[in-house]
Amino acid sequence: MILLTGGAGYIGSHTAAELMERGRDVIIADDFSNSSPRVIDRLERICGRRPAVFEADVSDHSAMEELFRREKIEAVIHFAGYKAVGESVQKPVQYYKNNLGCTLNLLELMAEHGVKSIIFSSSATVYGPEAIPPYTEDMRTGPCANPYGWSKLMSEEIIRGAATARPEMSAMLLRYFNPIGAHPSGLIGEDPSGIPNNLMPYITKVAVGKLERLNVFGDDYPTPDGTGVRDYIHVCDLAAGHAAALDWCETHTGADMVNLGTGRGYTVLEVVRAFEKASGIPIPYVIAPRRDGDIPVLLADTKKAERVLGWTAKHGIEDMCADSWRWQKCNPEGYATEY
Ligand code: UD1
């Protein structure tokens, strides 16, 4: 049984689908504080069987203890955590308490119950300001721009330390670039509450008529059209990266970190144009001031993922846009939609 903490979330749910489609048994531990229980029904429709679910706060030791006692956990994929960058600046203590609390709790329970493998949701945000894109995994990390980023980097260090102390352990730290897209079925996707912070969910909400226009944050960056460049990766490719990481954990010990990106960058305006082409819907936009904390270019070097995990991204920007649009079009109210 593979434990997916935060498995009802955007990346967790796509990874659950990928693993179940590969015949693995998964159990999702989630408190549904930022996800919908309807994800479980949708996963059943995609995979023809229902994932096991354990409703709990992952930082709650006694609740999670029951799960570890009851199930034979082979590996943990740890997605659970707070993820709003701006909010982390307002509520740093809550972010550290929750995100580090979940990681610490899991490592403690894994040691107590002899669970050897952990795969961790880290982020490209751990690379420091001196790192020059494309980022290779050996580049300097920190100082992070916000508590969210620090909580990822600190969790990486904590996991690394735990793996050193328990030589039988395997730990794979996955540094995600910018995940977008959705499962091609249109049944699961990203469903942020309130006004989206991130580019693609904002664009799809404009396309579906829920928001009037996109604000493009800055057009004076040193990039081909002046707007920010990011390494967007299809969430299904990201899910396949987790399956590859699980294979790695089953055949290796020690801790290692790998970027999950495509190595290809797109500007904000290139994404807008690709989305318009895929959906046939014009996206009105205005140029707005730069957003605090944004950097001009974020790009993965993907060689290590290929070498260590035997994994590369398969989907291009067309699929990412088409699948994001299918999800939003079929589910204008997200998981509240009867679909
Ligand atoms: C953000 C987080 C990052 C986190 C990731 C999770 C910040 C500073 N960074 O990455 O730490 O791991 O989300 O997915 O918040 N843009 C617009 N208009 C919008 C929204 C975005 O022009 O309404 C632009 C941004 O300026 C950027 C690009 O689109 O150039 C991508 O932005 P976004 O999707 O928010 O991701 P990141 O900021 O790269």
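On a predicted model such as this, the values are computed, not experimentally measured, just so you know.

Scoring rules and cut-offs
- Residues numbered from 1 in each chain as written.
- Predicted model: local features only at pLDDT ≥ 70, side-chain atom pairs only at ≥ 80, totals over all residues.
- Heavy atoms only, no water.
- Helix = DSSP H or I, 4+ residues; strand = E, 2+ residues; numbered from the N terminus.
- Buried < 20%, exposed > 50% of the residue type's maximum accessible area, 1.4 Å probe, protein only.
- Axes fitted to C-alpha atoms, helices over the stretch in contact; angles between N-to-C directions.
- Parallel < 35°, antiparallel > 145°, perpendicular 65-115°, else oblique.
- Left-handed = near helix turned anticlockwise from the far one by under 90°.
- Contact = heavy atoms within 4.5 Å.
- Nonpolar A, V, L, I, M, F, W, Y, C, P; charged D, E, K, R; others polar.
- Phe/Tyr/Trp six-rings, centres within 6.5 Å; stacked < 30°, edge-to-face > 60°.
- Lys NZ or Arg CZ within 6 Å of the ring centre and 35° of its normal.

A. Layout of unusual backbone geometry. Cis peptide bonds are those with omega within 30 degrees of zero, and the linkage from Pro-133 to Pro-134 qualifies with 0°. Going from Gly-142 to Pro-143, the amide bond is cis rather than trans, its omega being -10°. In this structure, Phe-32 is a non-glycine residue whose phi angle is positive, near 55°. Within the secondary structure, Phe-32 is located in the loop between strand 2 (26–30) and helix 2 (38–47). Residue Phe-32 is classed as buried on the basis of its relative accessible area of 14%.

B. Representation of the packing of helix 1 (residues 10–21) against helix 2. In the contact formed by helix 1 and helix 2, the axes pass within 10 Å of each other and the chain directions differ by 30°. Classed by the angle they form, the pair helix 1 and helix 2 counts as roughly parallel. For the pair helix 1 and helix 2, the crossing hand works out as right-handed. Within the contact between the two elements, helix 1 uses Ser-13, Ala-16, Ala-17, Met-20 and Glu-21 and helix 2 uses Val-39, Leu-43, Ile-46 and Cys-47. Considering only residue class, the contact of helix 1 with helix 2 consists of 7 nonpolar, 1 polar and 1 charged.

C. Region of the structure containing the packing of aromatic side chains. One pass over the full model with this rule turns up 5 aromatic pairs. Here the aromatic rings of Tyr-135 and Phe-177 are separated by 6.4 Å at their centres, their planes lie at 50°, and the arrangement is tilted. Pair noted here: Tyr-135 is in the loop between strand 5 (117–123) and helix 6 (147–165) and Phe-177 is in the loop between strand 6 (170–176) and strand 7 (178–180), with a separation of 42 residues, a long-range link. The class for Tyr-135 is buried, based on a relative accessible area of 4%. Three or more aromatic residues joined by ring pairs form one cluster here, namely Tyr-127, Tyr-135 and Phe-177. The ring of Tyr-339 has Arg-45 lying over it, and the distance from NZ or CZ to the ring centre is 6.0 Å. Cation over ring: Arg-290 sits above Tyr-221, and NZ or CZ is 4.0 Å from the ring centre.

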